[in-house]
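# Topology and contacts: notes
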Amino acid sequence: TKMFGLLVALLFVLAGCGQPRLSVLHPAGEVADKQFFLLMLSIGIMLLVIVVVVLIFLFAMIKFRRKKLGEDFEPKDVEGNHKLELVWTIIPVILLIILAIPTVMLTFSLGDTKAIDKVDEKGKSKELVIDVTANLYWWEFSYPNEKIVTSQELVVPTDKKVYFRLHSADVKHSFWVPAVGGKMDTNVEGINKFYLKFDDKKAKDVKNLFYGKCAELCGPSHALMDFKVKALPKDDFDKWVKDMKSVDKPVAATSSQAKEGEKVFNKSCAGCHAVTPTGEGAKGPNLTNFGDRELIAGYLNHDEKNLKKWIKDPESIKPGNKMAGKYKVSDEDIDALSAYLMERKVDK
Ligand code: CUA
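Values in this document were obtained by computation on a predicted structure and should not be read as measured data.

Now for the overall build of the protein chain. A count of helices and strands for the protein chain gives 10 helices and 12 strands. Taking 348 residues into account, the globule formula puts the C-alpha radius of gyration at 20 Å, and the protein chain, at 27 Å, lies well above it. Each of the three principal axes of the protein chain carries a C-alpha extent, and together these read 100 × 55 × 35 Å. The proportion of buried residues among the 348 residues of the protein chain is 32%. The contacts in the protein chain between residues at least 6 apart in sequence include a share of 68% that link residues at least 24 apart.

Here it is in structure tokens:
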């Protein structure tokens, strides 16, 4: 029983229970609330069925158990019972209908993204739209109206519908912010659309930071394909957009080491990475606001030690990622690069 208890505890830890930034059981927005309702409804119905079946089973076990010697009797031969058959067909049908109606209604209402197509005279959608591109093993978030691109850390306003258009650059991934809603596949062909709404109060409870996941097995580093969501009050979000846009060219390096790093960056990294808000011409993650991030490579603490480890040997941190084995940089250059990258900040 001790082992069993441990296993259950482990299961809860693995399921992310008690982690409000990640848990489906701590819904933090309109979509998550509705999905939570469906979850509870189906669990409720299942529990009801289990309890009733187990009770009938126990009743039959006890009532028809082996009799004492001398009490033996031949049970009656029963062949079919229309009444009983009708009852055990109709009850499940009713339960399925109870489950199906809200499921179908919610599925359609949560997938309603018609609002995106309403555009003003300049062809701009009035809604906040974010184009999500999933890559092996990182995420790109592009804001077409605001003309900014960021990676790994999604920034959204609270208490407002945020519309997502999901797409993949390589294989099938799935976009999921468990505490706020989802998940939905990102495909190479076609675009999937849905929206999420981040509750302002619930966001404050978790210091405005939620965890996102790739929810489709996509390769050796699938489990490491995490992202963060900064859900900010509208004013803070607007300020972030302004700050991002204001970086119309790379922020100048200040320290002499960072200046050295800039040269290394331009020589070795700029082919894939951009440090401008639109990230033009970049195939890899946009690093404009790298210094403001919460994590390195999506899951390591954001400090220079981890950054250097990541640049030196990306394969050991995220097996199968596309930066691995592409180039060799000396330890000296890595120190300079780290200094330069840590200075990439837009948060003023
Ligand atoms: Cu991407 Cu799993």
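Having seen it, we continue.
The next subject is the pairing of strand E9 (residues 209–214). Moving residue by residue along a regular strand, the side chains alternate between the two faces of the sheet. With five of six residues buried, E9 is to be regarded as a mostly interior element. Relative to E9, strand E6 (residues 173–177) is paired through two bridges, and the arrangement is antiparallel. Residue pairing for E9: phenylalanine 175 is matched across the bridge by cysteine 214. Note: E9 against strand E10 (residues 227–232), four bridges, orientation antiparallel. Within E10, the residue paired with glycine 212 across the bridge is phenylalanine 227.

Turning our eyes to something else, we now look at the domain arrangement of the protein chain. Splitting the protein chain by domain gives domain 1 (13–62 + 81–246) and domain 2 (256–342). Centre-to-centre separation of domain 1 and domain 2, based on C-alpha positions: 31 Å. Across the contact, 22 residues belong to domain 1 and 17 residues belong to domain 2. At the level of elements, strand E2 (138–143), strand E3 (148–151), E10 and helix H6 (234–246) are the ones that each hand at least two residues to the side of domain 1 that touches domain 2. Of all the elements, E3 adds the most residues to the side of domain 1 that touches domain 2, at four residues.

Next up on the list: the packing of helix H7 (residues 256–269) against helix H10 (residues 331–342). Packed helices, taken two at a time, are described by the angle between their axes plus the distance between the axes. Interaxial distance between H7 and H10 falls to 7 Å at its minimum, and their mutual angle equals 105 degrees. By the criterion of interaxial angle, the relationship of H7 to H10 is roughly perpendicular. Along its contact with H7, which presents Gln257, Ala258, Glu260, Gly261, Glu262, Val264 and Phe265, the element H10 presents Asp333, Asp335, Ala336, Leu337, Ala339 and Tyr340. Taken together, the residues of the contact of H7 with H10 break down into seven nonpolar, two polar and four charged.

Conventions adopted
- Residues numbered from 1 in each chain as written.
- Predicted model: local features only at pLDDT ≥ 70, side-chain atom pairs only at ≥ 80, totals over all residues.
- Helix = DSSP H or I, 4+ residues; strand = E, 2+ residues; numbered from the N terminus.
- Rg over C-alpha atoms; globule rule 2.2 N^0.38 Å.
- Buried ≥ 20, exposed ≤ 12 C-beta atoms within 10 Å, placed from the backbone.
- Contact = placed C-beta atoms within 7 Å.
- Pairing = 2+ DSSP bridges.
- Domains from an automatic or database assignment.
- Axes fitted to C-alpha atoms, helices over the stretch in contact; angles between N-to-C directions.
- Parallel < 35°, antiparallel > 145°, perpendicular 65-115°, else oblique.
- Nonpolar A, V, L, I, M, F, W, Y, C, P; charged D, E, K, R; others polar.

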